[in-house]
Amino acid sequence: MKYTEKITKQLNNLLEKNYDAEKGYETAADNVDSIDLKNYFKDRAKERYDFGHELKNEIKLYGETPEKGTSFTADAHRVWMNFRTALSSNDEDAILKETIRGEESFVEEYNEILEISSLPESTRRLILKQRSIAISALEDVKKFESVEA
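Residues numbered from 1 in each chain as written. Predicted model: local features only at pLDDT ≥ 70, side-chain atom pairs only at ≥ 80, totals over all residues. Heavy atoms only, no water.

1. Quick word on the overall build of the protein chain
This is how the line gets drawn: To qualify as a helix, a DSSP run of H or I must reach at least 4 residues; to qualify as a strand, a run of E must reach at least 2; elements of each kind are numbered from the N terminus. Throughout, exposure labels follow a simple rule: accessible area from a 1.4 Å probe, protein chains only, divided by the maximum for the residue type, with under 20% read as buried, over 50% as exposed, and the rest as partly exposed. Contacts are assigned to residue pairs that have any heavy atoms within 4.5 Å of one another.
A count of helices and strands for the protein chain gives 5 helices and 0 strands. Reading the secondary structure of the protein chain in the N-to-C direction produces α-α-α-α-α. Every one of the 149 residues in the protein chain was classed for burial, and the buried ones make up 46%. Long-range pairs, those at least 24 residues apart, make up 79% of the contacts in the protein chain between residues at least 6 apart in sequence.

2. Brief notes about the side chain of Glu 109
Examined against the element boundaries, Glu 109 turns out to sit in helix H4 (residues 92–114). Aside from chain neighbours lying at most four places away, what touches Glu 109 is Leu 14 and Lys 17.

3. Quick word on the nonpolar core
Operational definition: Each nonpolar core is a collection of buried residues, namely Ala, Val, Leu, Ile, Met, Phe, Trp, Tyr and Cys, held together in the definition by side-chain atoms within 4.5 Å.
With 21 residues, the main nonpolar core has Leu 11, Leu 55, Tyr 110 and Ile 127 as its most contacted residues. When contributions to this core are tallied by element, the ones reaching two or more residues are helix H1 (5–30), helix H2 (35–61), H4 and helix H5 (121–148). The element best represented in this core is H1, accounting for 6 residues. Beyond its immediate sequence surroundings of up to four residues, Tyr 110 is in contact with Leu 14, Asn 18, Phe 51, Leu 55, Ile 127, Gln 130 and Arg 131. Ranked by size, the runner-up nonpolar core spans 14 residues in total, among them Ala 29, Ile 95, Leu 96 and Ala 137.

4. Points about the pattern of salt bridges
This is how it is decided: By definition, a salt bridge exists where a carboxyl oxygen of Asp or Glu is found within 4 Å of a side-chain nitrogen of Lys or Arg.
Going through the model one piece at a time under the given rule, you end up with 11 salt bridges. Between Lys 17 and Glu 109 there is a salt bridge, with its nearest N and O atoms 3.6 Å apart. One end of the pair, Lys 17, is in helix H1; the other, Glu 109, is in helix H4, and 92 residues separate them in sequence. Residue Lys 17 is classed as partly exposed on the basis of its relative accessible area of 30%. Several salt bridges converge on common partners, so that one network encompasses Arg 44, Glu 47, Arg 48 and Glu 103.

5. Topic: the packing of H1 against H2
For the record, the criterion: As a rule, the C-alpha atoms of each element are fitted with a line to give its axis, helices using only the stretch in contact, and angles between N-to-C directions run from 0 to 180 degrees. Working definition: roughly parallel below 35 degrees, roughly antiparallel above 145 degrees, roughly perpendicular at 65 to 115 degrees, and oblique for all remaining angles. The crossing is said to be left-handed when, going from far helix to near helix, the turn is anticlockwise and less than a right angle, and right-handed when the turn is clockwise. Ten residue types, Ala, Val, Leu, Ile, Met, Phe, Trp, Tyr, Cys and Pro, are classed as nonpolar, four, Asp, Glu, Lys and Arg, as charged, and the remainder, Gly among them, as polar.
For the pair H1 and H2, the least separation of the axes is 8 Å and the interaxial angle reads 160°. Regarding the angle of H1 to H2, the classification is roughly antiparallel. Between H1 and H2 the crossing geometry is left-handed. Of the residues belonging to the contact of H1 with H2, the class tally is 15 nonpolar, 3 polar and 8 charged.

6. Structural notes on the packing of H1 against H4
Close contact between H1 and H4 brings their axes to 11 Å; oriented N to C, the two are set at 165°. Taken together, the axes of H1 and H4 lie roughly antiparallel to each other. You can see that H1 and H4 cross each other, and the crossing is left-handed. Each of Gln 10, Leu 11, Leu 14, Lys 17, Asn 18, Ala 21, Tyr 25 and Ala 28 in H1 lies in contact with H4, whose residues at this interface are Ile 95, Thr 99, Glu 103, Phe 106, Glu 109, Tyr 110, Glu 112 and Ile 113. Among the residues making up the contact of H1 with H4, the classes are represented as 9 nonpolar, 3 polar and 4 charged.

7. Looking at the packing of aromatic side chains
This is how it is decided: Working definition: a ring pair exists when centres of Phe, Tyr or Trp rings (six-membered ring for Trp) sit within 6.5 Å. Plane angles under 30 degrees give stacked, over 60 give edge-to-face, the rest tilted.
Counting across every chain of the model gives 6 aromatic pairs. Their ring planes at 65° and their centres at 5.6 Å tell us that Tyr 40 and Phe 41 sit as a pair that is edge-to-face. The class of Phe 41 is buried, set by a relative accessible area of 0%. Counting every residue linked through ring pairs, the aromatic cluster contains Tyr 25, Tyr 40, Phe 41 and Phe 144.

Below, the structure is given as structure tokens:
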């Protein structure tokens, strides 16, 4: 069985978002002073790295070619995040707000893929598992935001 063109495109977009999130979390870890936040961001970067490999394997399983690299939009976002952080002297609140925004977008991407009725069951299970972990990460980062406030 092969994926439809729509499924392949959406999964490759999700793979790209995972690369983006991994790099974004690495950037965030480099720009915070709090050891707890630094560790949280490093853990999320590793998690997204793992998500990417799981998605690549799933895409290959169905005879498709996974995309490589991060998106231009995410690269631009990380540049803005670095600039903003440099100007605001490690403004952890701004980093947390951007992280929440990114996580909410990330979960929405997963929700959109789950709406595809022809999604193979193994892919659906993988997407559900990763979305659940992303939702948990979103809840965790919101807790950091309330502590920092």
